[in-house]
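What follows is each chain in one-letter form.
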Amino acid sequence: MQVTIDQDKCVACGSCVFAAPDVFDQRDEDGIVVLLDARPPAELAADVRQAASVCPALVITITE
């Protein structure tokens, strides 16, 4: 699994961080998503998919 994000479209809601805190974080100054692990381990795959599905701005892309 390869994860990419589009920070320019992020609306800083933080739902990705709640769904997959080992993969996503937010910048302190503005809340924009930060990708912590572009190739998360298989055991986090479901959490990453959940994060992508709940993102209101659809900024998370997953490539298998």
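Below you will find a few notes about this structure. (Residues numbered from 1 in each chain as written. Predicted model: local features only at pLDDT ≥ 70, side-chain atom pairs only at ≥ 80, totals over all residues. Heavy atoms only, no water.)

Observations concerning empty space enclosed by the protein
Right, so step 1: Using the criterion set out here, one finds one cavity of 30 Å³ or more in the structure.
Right, so step 2: Quantified by volume, the largest cavity comes out at close to 80 Å³.
Right, so step 3: In terms of lining residues, the largest cavity is bounded by 15 residues, among which C10, C13, C16, C55 and V59 are the most central.
Right, so step 4: Along the lines of polarity and charge, the residues of the lining of the largest cavity split into eleven nonpolar, four polar and no charged. (1 Å grid on protein atoms, 1.4 Å probe; cavity = no way out; pocket = protein on both sides within 12 Å on 5 of 7 lines; lining within 4 Å. Points joined across faces, edges and corners; volume = space filled by probe spheres on them. Nonpolar A, V, L, I, M, F, W, Y, C, P; charged D, E, K, R; others polar.)

What to know about the environment of T4
Right, so step 1: In this fold, T4 is placed in strand β1 (residues 2–5).
Right, so step 2: C-alpha separation for the pair T4 and T61, spaced 57 residues apart in sequence, amounts to 5.2 Å. (Helix = DSSP H or I, 4+ residues; strand = E, 2+ residues; numbered from the N terminus.)

Points about helix α2 (residues 45–54)
Right, so step 1: Along α2, the positions that sit buried rather than exposed are A45, V48, A51 and A52. Along the axis of α2, the buried positions cluster into a sector of 120°, meaning they face one direction only. The outward face of α2, more than 90 degrees from its buried face, is lined by the exposed residues A46 and S53.
Right, so step 2: The inward-facing, buried residues of α2 contact β1, α1 (15–19), β2 (24–26) and β4 (60–63). (Buried < 20%, exposed > 50% of the residue type's maximum accessible area, 1.4 Å probe, protein only. Arc of directions from axis to C-beta. Contact = heavy atoms within 4.5 Å.)

A closer look at the nonpolar core
Right, so step 1: One finds C16, F24, A51 and I60 to be the most contacted residues of the largest nonpolar core, which totals 17 residues.
Right, so step 2: Elements that contribute at least two residues to this core include exactly α1 and α2. (Core = buried A, V, L, I, M, F, W, Y, C linked by side-chain atoms within 4.5 Å.)

Re the pattern of salt bridges
Right, so step 1: The full count for this structure, using the stated rule, is four salt bridges.
Right, so step 2: Taking the shortest distance from any N to any O, the salt bridge between D30 and R27 comes out at 2.6 Å.
Right, so step 3: E64 serves as the salt-bridge partner of R49, at 2.9 Å between the closest nitrogen and oxygen. Remark: E64 occurs in the segment after β4 and R49 occurs in helix α2; sequence separation between them is 15 residues.
Right, so step 4: Classification of E64 by relative accessible area gives exposed; the value is 65%.
Right, so step 5: Several salt bridges converge on common partners, so that one network encompasses R27, E29 and D30. (Salt bridge = Lys/Arg side-chain N within 4 Å of Asp/Glu carboxyl O.)

Purely spatial values, then, with no claim about function.
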